[in-house]
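Here's the letter readout for the chains.
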Amino acid sequence: MNPDRIEAAITPQTTAIMPVHCYGHPCDVDKIQKIADNYNLRVIYDAAHAFGVRDDGGSILRHGDLSVLSFHATKVFNTFEGGAIICPDAKTKQRIDHLKNFGFVNETTVVAPGINGKMSEINAALGLLQLKRIDGILLKRREIDELYRQLLEGIPGIQCLSDAGEKVANYAYFPILVKDPYPVSRDELYERLKSAGVFARRYFYPLISDFPMYRGLHTAQKSNLPVASEAAEKVICLPMHPGLTNEQIHHVVQVVIGCEG
Ligand SMILES: *Cc1c(COP(=O)(O)O)cnc(C)c1O
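Every value quoted in this text rests on a predicted model; they were computed, and no experiment measured them. (Residues numbered from 1 in each chain as written. Predicted model: local features only at pLDDT ≥ 70, side-chain atom pairs only at ≥ 80, totals over all residues. Heavy atoms only, no water.)

## Quick notes on the sheet that holds strand β6 (residues 83–86)
So, point 1. The strand order β1-β2-β5-β6 describes an open sheet built from four strands, whose pairing is mixed. Only two strands of the sheet have a single neighbouring strand rather than two, namely β1 (16–17) and β6.
So, point 2. As judged from the four bridges shared by strand β5 (residues 66–70) and β6, these two strands associate in the antiparallel manner. Each residue of the ladder has a partner; that of V68, found in β6, is I85. (Pairing = 2+ DSSP bridges. Helix = DSSP H or I, 4+ residues; strand = E, 2+ residues; numbered from the N terminus.)

## Overview of the site of the ligand
So, point 1. Within the structure, the ligand sits among V20, D46, A48, H49, S70, H72, K75 and G82.
So, point 2. Here an oxygen atom of the ligand sits 2.6 Å away from a polar atom, N or O, in the side chain of S70.
So, point 3. In this structure, an oxygen atom belonging to the ligand sits 2.8 Å away from a side-chain N or O atom of K75.
So, point 4. The protein chains hide 60% of the 390 Å² of surface that the ligand would expose on its own.
So, point 5. Tallied by class, the residues present in the shell around the ligand amount to two nonpolar, four polar and two charged. (Near = heavy atom within 4 Å. Polar contact = N/O pair within 3.5 Å; in protein donor to acceptor, adjacent residues only side chain to side chain. Areas by Shrake-Rupley, 256 points an atom, 1.4 Å probe, with all protein chains shown as cover. Nonpolar A, V, L, I, M, F, W, Y, C, P; charged D, E, K, R; others polar.)

## Things to note about the packing of helix α4 (residues 121–152) against helix α7 (residues 246–258)
So, point 1. It is the contact of α4 with α7, at a shortest axis distance of 10 Å, that shows an interaxial angle of 35 degrees. In the crossing of α4 with α7, the sense of the turn from one axis to the other is right-handed. Between α4, through I144, L147, Y148, L151 and L152, and α7, the contact on the second element is made entirely by N246, I249, H250, V252, V253 and V256.
So, point 2. Classifying every residue of the contact of α4 with α7 by side-chain character gives nine nonpolar, two polar and no charged. (Axes fitted to C-alpha atoms, helices over the stretch in contact; angles between N-to-C directions. Left-handed = near helix turned anticlockwise from the far one by under 90°. Contact = heavy atoms within 4.5 Å.)

## Some points on the side chain of D145
So, point 1. By the element assignment, D145 lies in helix α4.
So, point 2. What makes D145 buried here is its relative accessible area of 3%.
So, point 3. Discounting residues that sit within four places of it in the chain, D145 has contacts with Y171, F174 and M240. (Buried < 20%, exposed > 50% of the residue type's maximum accessible area, 1.4 Å probe, protein only.)

## Some words on the side chain of T79
So, point 1. Secondary-structure assignment places T79 in the loop between β5 and β6.
So, point 2. Here E81 takes part through its backbone oxygen, which lies 2.7 Å from a polar atom of the side chain of T79.
So, point 3. Filtering out sequence-adjacent residues up to four positions away, T79 remains in contact with F71, M119, N123, L126 and G127.

## Quick word on helix α5 (residues 186–195)
So, point 1. Taken together, the buried positions of α5 are R186, L189, Y190 and L193. Around the axis of α5, the buried residues are gathered within 105 degrees of arc, so they sit on the same side.
So, point 2. Those residues of α5 that are buried are in contact with β8 (174–178), α6 (226–234), β9 (235–238) and α7.
So, point 3. After α5 finishes, the residue G197 shows a positive phi value of roughly 80 degrees. (Arc of directions from axis to C-beta.)

## Some remarks on the pattern of salt bridges
So, point 1. This model, assessed by the stated rule, comprises eleven salt bridges.
So, point 2. One salt bridge in this structure joins D145 and R149, with 2.7 Å as the shortest N-O distance. Residue D145 and its partner R149 are located together in helix α4, separated by four residues, close to a single helical turn.
So, point 3. Looking at R149, the relative accessible area reads 23%, which means it is partly exposed. (Salt bridge = Lys/Arg side-chain N within 4 Å of Asp/Glu carboxyl O.)

## Description of the pairing of strand β2 (residues 42–46)
So, point 1. Taking every second residue as pointing to the same face, the buried face of β2 carries V43 and Y45, while none of R42, I44 and D46 on the other face is buried.
So, point 2. Pairing analysis gives two bridges linking β1 to β2, with the strands arranged parallel. By the bridge assignment, I17 is partnered in β2 with V43.
So, point 3. You can see the chain leave β1, run along helix α2 (residues 29–39) and come back into β2, and the turn it takes is right-handed.
So, point 4. In this structure, β2 lies alongside β5, joined through three bridges in parallel fashion. (Right-handed = clockwise from strand over helix to strand, strands pointing away.)

Structure below.
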């Protein structure tokens with residue numbers, strides 16, 4: 001989310017700003033908070049990618065009114081399925097605790113129409129085991145990130161995203177942009193990787209605004225979303241997980257280089 005474009009999008013109906021710490025790269029939290037304060041809006045961060053991400057003052061998750069993490073199996077820290085909501089005070093936490101348990105306060109008192117958003121013990125147990133290994137996992141991811149960057153350097157038309165720096169990043173993903181003068185399209189590269197047994201992902205593609213239930217909306221028009229549309233056509237995320245071997249990384253890069261002809 002480009003903070004310079006937020007104000008123009010605020011209407012009398014706006015109640016909150018919902019930025020995404022995309023790929024674990026922190027949003028401009030100070031600028032966003034300033035705008036929220038000016039317009040009396042809440043800030044709810046989609047922090048699905050941001051487990052372990054920090055800034056100078058500590059965890060990035062302390063910003064905004066809420067930060068929502070995903071612990072899905074594809075994330076840096078996972079419990080198979082699950083997540084967490086980070087909030088700044090005990091009162092908000094209590095409200096969330098009620099809502100995630102059908103609105104129950106006790107056996108006979110229900111304060112709101114809640115949902116079943118509880119985490120099961122099995123999921124939590126997996127998470128606790130993972131927590132013991134998380135430092136090693138983040139370190140391994142950093143090494144993989146470094147090797148990818150080194151091997152991909154100088155390939156015309158392949159652009160790595162800027163490194164957020166080891167103090168900040170969690171190396172959740174390894175996105176690259178496929179652009180001119182790279183000789184084949186992003187989709188062709190995706191297919192060639194697949195043929196070579198490498199399952200890369202096009203995050204985020206298709207855009208949500210292209211799905212049938214949204215594409216009729218005025219706000220979903222492509223002309224309103226030039227940056228997202230361009231990113232959706234050029235981004236490919238290369239395999240990134242702590243079990244990746246140097247051999248496998250070289251194999252991935254060989255396919256990327258192979259397309260150069
Ligand atoms: C994974 C993801 C979600 C959804 O998380 P779930 O745990 O599957 O609900 C939301 N936002 C982003 C940016 C994600 O990557």
